[in-house]
Amino acid sequence: MKNPIIELTEEFVRNELSEDATGHDWFHVDRVRRNALHICKEQQAGEAFIIEMAALLHDIPDEKLNESIEKGEEKLDTYLKTISLTDIDKKHIKQIIGTISFKGGQNTALSTIEAEIVQDADRLDAIGAIGIARAFAYGGKKGQPIYDPSVKVRDEMSLEEYRKGKSTSIHHFYEKLLKLKDLLNTESARKMAESRQQMMDTFLEQFYQEWDGQE
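Residues numbered from 1 in each chain as written. Predicted model: local features only at pLDDT ≥ 70, side-chain atom pairs only at ≥ 80, totals over all residues. Heavy atoms only, no water.

(A) Expanded view of the packing of helix 1 (residues 4-17) against helix 3 (residues 48-57). Orientation of helix 1 relative to helix 3, taken along the N-to-C sense of each, is 10°, at an axis distance of 10 Å. If you check the angle between helix 1 and helix 3, you find them roughly parallel. Along its contact with helix 1, which presents I5, I6, T9, E10, F12 and V13, the element helix 3 presents F49, E52, M53, L56 and L57. For the contact of helix 1 with helix 3, the class distribution of residues is 8 nonpolar, 1 polar and 2 charged. (Axes fitted to C-alpha atoms, helices over the stretch in contact; angles between N-to-C directions. Helix = DSSP H or I, 4+ residues; strand = E, 2+ residues; numbered from the N terminus. Parallel < 35°, antiparallel > 145°, perpendicular 65-115°, else oblique. Contact = heavy atoms within 4.5 Å. Nonpolar A, V, L, I, M, F, W, Y, C, P; charged D, E, K, R; others polar.)

Written out as structure tokens, the structure is:
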């Protein structure tokens, strides 16, 4: 039987993200949750309930999906007040959510295995076939071009540059997606990433062939 707090959280997240068109919808969250629980089981590490809760709530305070960082954090805090969890568990869930984002490569040190697992699960959903689809959904929503060869790949960026600087959906592969495999924390996630990485390499190779007008 499913934990009632998990059920409440699923309903809350579905309601919040059901209309999202940037690749941060309910289905993304559910994939992250399932991958996180799979990694937890494979690694035989971490507290499954905390991992599941953090995975379900990880995009609720995301500044990309809210008016501001503060508004996002307020939304998460307001929800956590409605459920019966210890302050320690709430603090742990918030800590995980606050530290797992890529943020232009400005990586925050993770302090628990639960954070490592949720971060890995979120990053796995950013690569491979799903990752490719999400990259173009997000780029389109932001009004970015698919590709412009005159734009330079940004190697090191502040968070502000990462969020608002000029880029394209293809550049996003080099600025983030292709880097993620080497940033994974767990052996289980690294194994899962191999075929996804190959998928992106193959896609980019085909993309450039077609872009240059080759058969």
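(B) Structural detail: the side chain of H92. Residue position: H92 is located in helix 5 (residues 87-99). With residues near it in sequence (within four places) discarded, H92 still touches I50, T112 and E114.

(C) Region of the structure containing the packing of helix 3 against helix 5. Across the interface, helix 3 lies against helix 5 with an axial gap of 9 Å and an inter-helix angle of 50°. Judged by the angle between their axes, helix 3 and helix 5 are oblique. Pair helix 3 / helix 5 crosses with right-handed handedness. Across the interface between the two elements, I50, M53, A54 and L57 from helix 3 touch D89, H92, I93, I96 and I97 from helix 5. Residue composition of the contact of helix 3 with helix 5, grouped by class: 7 nonpolar, 1 polar and 1 charged. (Left-handed = near helix turned anticlockwise from the far one by under 90°.)

(D) A look at helix 10 (residues 187-211). Between its first and last C-alpha atoms helix 10 spans 36 Å; for 25 residues at 1.5 Å apiece the expected length is 36 Å, and the two agree. In the structure, helix 10 departs most strongly from a straight axis at A193, where the bend amounts to approximately 35°. Considered for burial, the residues of helix 10 that qualify are S188, A189, M192, A193, Q197, M200, L204 and F207. Against helix 2 (26-43), helix 6 (113-124), helix 7 (128-142) and helix 9 (169-175) lie the buried residues of helix 10. Note on helix 10: the residue one or two positions beyond its end, G213, has a positive phi of about 80°. (Expected span 1.5 Å × (residues − 1). Bend = angle between axes of the 7 residues up to and from the residue. Buried < 20%, exposed > 50% of the residue type's maximum accessible area, 1.4 Å probe, protein only.)

(E) Quick peek at the pattern of salt bridges. This model, assessed by the stated rule, comprises 10 salt bridges. Note that D30 is salt-bridged to R34, the shortest N-O span being 3.3 Å. Here R34 and D30 lie together in helix 2, a separation of 4 residues that amounts to about one turn. Note that K94 is salt-bridged to D77, the shortest N-O span being 2.7 Å. Taken together, the residues K94 in helix 5 and D77 in helix 4 (residues 69-81) connect sequence positions 17 residues apart. Classification of K94 by relative accessible area gives partly exposed; the value is 36%. The network of salt bridges with common partners includes K2, E10, D30, R33, R34 and E52. (Salt bridge = Lys/Arg side-chain N within 4 Å of Asp/Glu carboxyl O.)

(F) The arrangement of the packing of aromatic side chains in detail. One pass over the structure, following the stated rule, counts 10 aromatic pairs. With centroids separated by 5.8 Å and ring planes inclined at 70°, the aromatic side chains of Y147 and Y208 adopt a geometry described as edge-to-face. Of this pair, Y147 sits in the loop between helix 7 and helix 8 (159-164) while Y208 sits in helix 10, and the two are 61 residues apart along the sequence. Owing to a relative accessible area of 18%, Y147 belongs among the buried residues under this scheme. Between Y147 and W211, the aromatic rings sit 4.8 Å apart at their centres with planes inclined by 75°, giving edge-to-face as the arrangement. Of the two residues, Y147 sits in the loop between helix 7 and helix 8 while W211 sits in helix 10, which places them 64 residues apart along the sequence. Grouped by ring-pair contacts, the aromatic residues F136, Y147, F173, F203, F207, Y208 and W211 constitute a single cluster. (Phe/Tyr/Trp six-rings, centres within 6.5 Å; stacked < 30°, edge-to-face > 60°.)

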